[in-house]
Amino acid sequence: MPKLPKDQMVEVKLDGAGGLVEVALTDEQRRDLFETPGRTVVAIVELSSVTYTGYAKGEDKLPQVKLRVTGCEVGRDDEEEAALREAKRAMWRQRRMDGTLDEIGEGPQKAGPLLSSSFAGYPTEAAYRQAEREKEERRREQYARN
């Protein structure tokens, strides 16, 4: 992968594979997005670079990187959406403070504590794995009985 100068702009494109976004949406959210133009949902999206295009020196084109959605979870209710929006605002305020934007907003500056408290009642990774093991055991017991 070639290294670019620090001040080099890079054009970002999204590839057309949006399957992970689709499966993260509930049927109700899909219908609502279709029936209500301009409706938004709030999501946590993981992006991965899949291809890049560089150009020869002297060409008047920006280097490009193409991104693919490789993970997505959508807020399922007003409370989750509000927590994700507040985390987004906190991250935005931090960028402003870091000098990538030029004004400071109100309230907390870091998103981590906001998400930790907003999602404190959600299962941990260990609890999730345990529930999956128990579900698999129940499935096996049911299969053995039949």
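Structure shown above.
Conventions used here
Residues numbered from 1 in each chain as written. Predicted model: local features only at pLDDT ≥ 70, side-chain atom pairs only at ≥ 80, totals over all residues. Heavy atoms only, no water. Helix = DSSP H or I, 4+ residues; strand = E, 2+ residues; numbered from the N terminus. Contact = heavy atoms within 4.5 Å. Areas by Shrake-Rupley, 256 points an atom, 1.4 Å probe, with all protein chains shown as cover. 1 Å grid on protein atoms, 1.4 Å probe; cavity = no way out; pocket = protein on both sides within 12 Å on 5 of 7 lines; lining within 4 Å. Points joined across faces, edges and corners; volume = space filled by probe spheres on them. Nonpolar A, V, L, I, M, F, W, Y, C, P; charged D, E, K, R; others polar. Salt bridge = Lys/Arg side-chain N within 4 Å of Asp/Glu carboxyl O. Buried < 20%, exposed > 50% of the residue type's maximum accessible area, 1.4 Å probe, protein only. Patch = residues over 30% accessible without salt bridge, like charges linked within 9 Å, V, L, I, M, F, W, Y side chains within 5 Å.

Some remarks on the overall build of the protein chain
In terms of regular secondary structure, the protein chain is built from 5 helices and 3 strands. Listed N to C, the secondary structure of the protein chain is β-α-α-β-β-α-α-α in terms of helices and strands. Intrachain contacts of the protein chain at a sequence separation of at least 6 include 56% that bridge at least 24 residues. Roughly 11,700 Å² of accessible area belongs to the protein chain as shown, and the carbon and sulfur atoms make up 53% of that amount.

Quick notes on the layout of surface pockets
A volume near 370 Å³ is recorded for the largest pocket. Taken together, 18 residues line the largest pocket, and the ones lying closest to its centre are Leu4, Gln8, Gly54, Tyr55 and Pro63. Elements that contribute at least two residues to the lining of the largest pocket include exactly β2 (43–53) and β3 (64–74). Taken together, the residues that form the lining of the largest pocket break down as 11 nonpolar, 4 polar and 3 charged. In this model, the second largest pocket occupies a volume close to 310 Å³. Lining the second largest pocket are 14 residues, and of these Ile44, Glu73, Val74, Glu80 and Phe119 lie nearest its centre. Of all the secondary-structure elements, those providing two or more residues to the lining of the second largest pocket are β2, β3 and α3 (78–97).

Brief notes about the pattern of salt bridges
One pass over the structure, following the stated rule, counts 10 salt bridges. The shortest N-O distance in the salt bridge between Glu86 and Arg89 comes to 2.8 Å. Of the two residues, Glu86 and Arg89 are both situated in helix α3; the distance of 3 residues between them amounts to about one turn of the helix. Residue classification places Glu86 among the partly exposed residues on the basis of a relative accessible area of 21%. Under the relative-accessibility criterion, Arg89 is labelled partly exposed at 39%.

Considering the side chain of Glu81
Along the chain, Glu81 falls in helix α3. Not counting residues up to four positions away in its chain, the partners in contact with Glu81 are Arg39, Thr40, Val41, Val42 and Gly75.

With respect to a nonpolar patch on the surface
Judged by side-chain polarity, Leu4, Val10 and Val12 come together as a nonpolar surface patch covering roughly 240 Å² of accessible area. Assignment of secondary structure puts Val10 in the segment before β1 (11–14). What makes Val10 partly exposed here is its relative accessible area of 34%.

Any link to function would need more than the numbers given here.
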